[in-house]
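The lines below spell out each chain.
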Amino acid sequence: MRKFLMSTAAVAALFAAPMPMAHAEDSVEVLHWWTSGGEAAALDVLKKNLEGQGVTWKDMPVAGGGGEAAMTALRARVTAGDPPTAVQALGFDITDWANQGVVGDLGEVADKEGWDKVIPAALQGFAKHDGKWIAAPVNVHSTNWVWISKKALDAAGGKAPETWDELVAVLDKMQANGITPLGHGGQAWQDATIFDSVVLSLGTDFYKSSMIDLDPAALGGDKMVEAFDRMAKLKSYVDKDFSGRDWNLASAMVIEGKAGMQMMGDWAKGEFLKAGQKPGTDFVCIRFPGTQGAVTFNSDMFMMFKVGDDKKKAQMQMAADIEDPAFQSSFNVVKGSVPARTDVPDTAFDDCGKKGIKDLAEASTGGKLFGSMAHGYAAPAAVKNALYDVVTRHFNGEIDSKAAAKALVEAVAAAKG
Ligand code: BGC
């Protein structure tokens, strides 16, 4: 066998000075799907914050809204017994991971910083498991928004639509004006994001009974057929190249005036801001017509995994940083979301952000705050994926509205097992 010999000088050098290696305890490896321009800008706020405290950031980006691809990548790491320090995750996915016994315990930081008092109960239901804090909520997004080009709206009469009929009228005018009325990317999670709003626009009770309670009568009834009819109508305003397009490219169509509007969660605002656009001047944000006063929310949380003692210090630092009120303001101003704490002032937020904060508080006290189906806060992944499948097949014209409502009932029943 060949032997490796070191010179005496090399051996002496090894003992004389420690190797210039990064200390494991001072680094965090973070899995996330924030890969668009606006998302990366927001992530940078968190990264710089930690780096300023001497914590090295190891980036593990896995693109894809809704986090499906990220969860698949995570599974491989957990199976290999080597989970990242922190993972961006949503709602029921967090509960699923917690049930597998692989997540850490943030109790030490959460107790010290009083998270129980400032993080809303709707988020605590997912950020805690068996009474223990396992994830740090970074924001609250909501899916029932429409982002409209101000120029395109002015050319279509200037009045933001408040009802379904007004929405259709504006879309028709945009079409007559020669632009793509609806900027959209044909990916299952994006179709589902519009579906959240369309279902909610037919009533908060209907959203709750169908998307949250999964009541077969609501999933397969006349109102659901109407919801699918509305989806088909919206599809008629999408351009021919929509299939597979990333959501931020659909935002870019609105930013560039090629499309009139996009129906998307408020992460879209991050793209408009990154492009230097201003709410009220360049773009208009409205709640999806018919959903005013109600909110379908999702909250990005950093779920912390069980790591060795050498990595815990940096992990706890990251958790503490995320809930810092000043960070909650500076991060969410860039991301397009609103703070996950109820005690963060809205002063630094633009008009859409201020509206987002107010809408969330009102929907919460008024019993009109619901978890987003499309973004993992209404039902576990198996059911969510079953709903995605039907919504997308219908959107792509493979089945009609009646068949889709029927298929929803069957798909959900099969997914629930
Ligand atoms: C996340 C957002 C993200 C969006 C698009 C959503 O599921 O909650 O933070 O910006 O996906 O990637």
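- An unreviewed UniProt entry lists the protein under the name Probable sugar-binding periplasmic protein, with Aminobacter carboxidus given as the organism.
- For the record of the protein, the UniProt heading Subcellular location (unreviewed entry) holds the text "Periplasm".
- If you open the UniProt record of the protein and go to Function (unreviewed entry), you find "Part of a binding-protein-dependent transport system for a sugar."

1. Digging into the overall build of the protein
Right, on to step 1. Assigned secondary structure in the protein consists of 20 helices and 14 strands.
Right, on to step 2. Against the compact-globule benchmark of 22 Å for 417 residues, the protein has a radius of gyration of 23 Å, which places it among compact chains.
Right, on to step 3. Expressed as lengths along the three principal axes of its C-alpha atoms, the size of the protein is roughly 80 × 50 × 50 Å.
Right, on to step 4. Counting only residues that meet the buried cut, the protein has 54% of its 417 residues in that class.
Right, on to step 5. Sequence-distant contacts in the protein: of pairs separated by 6 or more residues, those separated by 24 or more amount to 76%.

2. So, the confidence of the model for the protein
Right, on to step 1. Residues with a pLDDT of 70 or more make up 94% of the protein, whose mean pLDDT is 94.
Right, on to step 2. Note on residues 1-22: pLDDT under 50 across the span, and three contacts to partners over four residues away in sequence or across chains.

3. Examining the side chain of Ser142
Right, on to step 1. For Ser142, the location among the structural elements is in strand 7 (residues 141-142).
Right, on to step 2. Judged by its relative accessible area of 4%, Ser142 falls in the buried class.
Right, on to step 3. A polar atom in the side chain of Ser142 sits 2.9 Å from the side chain of Arg287.
Right, on to step 4. Contact partners of Ser142, with chain neighbours within four places excluded, come to Gly265, Asp266, Arg287, Val295, Thr296, Phe297 and Asn298.

4. Some words on the nonpolar core
Right, on to step 1. If you look at the biggest cluster of nonpolar residues, it comprises 73 residues, and the most contacted ones within it are Phe195, Met224, Leu234 and Met261.
Right, on to step 2. Beyond its immediate sequence surroundings of up to four residues, Leu234 is in contact with Trp164, Leu167, Leu171, Leu182, Ile194, Val198, Met263 and Phe288.
Right, on to step 3. Of all hydrophobic cores here, the second largest spans 62 residues; its members include Val28, Ala127, Ala314 and Tyr377.

5. Details of the sheet that holds strand 13 (residues 301-304)
By way of backbone hydrogen bonds, the strands of a sheet pair with one another, either parallel or antiparallel.
Right, on to step 1. With mixed pairing, five strands are arranged side by side in an open sheet as 2-1-3-13-6. Since the sheet does not close on itself, it has two edges, and those belong to strand 2 (56-61) and strand 6 (135-137), each with one partner. Shown here is a sheet whose adjacent strand axes are inclined to one another by a mean of 25 degrees, direction ignored.
Right, on to step 2. As judged from the six bridges shared by strand 1 (residues 27-32) and strand 2, these two strands associate in the parallel manner. Across the sheet, the residue bridging to Val30 is Asp59, located in strand 2.
Right, on to step 3. Against the sheet, helix 3 (residues 68-79) makes contact with strand 1, strand 2, strand 3 (86-89) and strand 13, and its axis sits at roughly 150 degrees relative to strand 3, the strand it touches most.

6. Describing the site of the ligand
Right, on to step 1. Glu39, Asn298, Asp300, Lys335 and His375 are the nearest of the 14 residues found near the ligand.
Right, on to step 2. One of the side-chain N or O atoms of Glu39 is found 2.4 Å from an oxygen atom in the ligand.
Right, on to step 3. Within the side chain of His375, a nitrogen or oxygen atom sits 2.8 Å from an oxygen atom of the ligand.
Right, on to step 4. Burial of the ligand by the surrounding chains reaches 100%, relative to a free accessible area of 310 Å².
Right, on to step 5. Here the residues of the shell around the ligand are counted per class, giving five nonpolar, six polar and three charged.

7. A word on the sheet that holds strand 9 (residues 180-182)
Right, on to step 1. Spatial ordering of the open sheet is given by 9-10-8-11, a layout of four strands whose pairing is mixed. Edge positions in the open sheet fall to strand 9 and strand 11 (283-287), since each of these has one partner strand only. Direction aside, the axes of adjacent strands within the sheet are offset by 20 degrees on average.
Right, on to step 2. Sheet topology note: the strand 8 (residues 145-149)/strand 11 ladder contains five bridges and is antiparallel. The residue bridging Ser149 from the neighbouring strand is Phe283, located in strand 11.

8. Side note on the pairing of strand 13
Right, on to step 1. Residues Met301 and Met303 point to one face of strand 13 and Phe302 and Met304 to the other, with burial holding for every one of them.
Right, on to step 2. Summarising the sheet, strand 3 and strand 13 pair through four bridges and their orientation is antiparallel. Considered in strand 13, the bridge of Gln88 is made with Phe302.
Right, on to step 3. Relative to strand 13, strand 6 runs antiparallel, the two being bridged by three bridges. The partner of Ala135 across the bridge, within strand 13, is Met303.

9. Focus on the side chain of Ser27
Right, on to step 1. The residue Ser27 is located in strand 1 in this model.
Right, on to step 2. Classification of Ser27 by relative accessible area gives buried; the value is 7%.

10. Concerning the pattern of salt bridges
Right, on to step 1. One pass over the full model with this rule turns up 21 salt bridges.
Right, on to step 2. Across the salt bridge formed by Lys269 and Asp350, the nearest N and O atoms sit 2.9 Å from each other. Separated by 81 residues along the polypeptide, Lys269 in helix 15 (residues 268-274) and Asp350 in the loop between helix 17 (325-335) and helix 18 (351-365) bring together distant segments of the chain.
Right, on to step 3. Members of the salt-bridge network, linked through shared partners, are Glu29, Arg77 and Asp82.

What counts and how
- Residues numbered from 1 in each chain as written.
- Predicted model: local features only at pLDDT ≥ 70, side-chain atom pairs only at ≥ 80, totals over all residues.
- Heavy atoms only, no water.
- UniProt positions renumbered as here; feature names shortened; annotations may be inferred.
- Helix = DSSP H or I, 4+ residues; strand = E, 2+ residues; numbered from the N terminus.
- Rg over C-alpha atoms; globule rule 2.2 N^0.38 Å.
- Buried < 20%, exposed > 50% of the residue type's maximum accessible area, 1.4 Å probe, protein only.
- Contact = heavy atoms within 4.5 Å.
- pLDDT = per-residue confidence, 0-100.
- Polar contact = N/O pair within 3.5 Å; in protein donor to acceptor, adjacent residues only side chain to side chain.
- Core = buried A, V, L, I, M, F, W, Y, C linked by side-chain atoms within 4.5 Å.
- Pairing = 2+ DSSP bridges.
- Axes fitted to C-alpha atoms, helices over the stretch in contact; angles between N-to-C directions.
- Near = heavy atom within 4 Å.
- Areas by Shrake-Rupley, 256 points an atom, 1.4 Å probe, with all protein chains shown as cover.
- Nonpolar A, V, L, I, M, F, W, Y, C, P; charged D, E, K, R; others polar.
- Salt bridge = Lys/Arg side-chain N within 4 Å of Asp/Glu carboxyl O.

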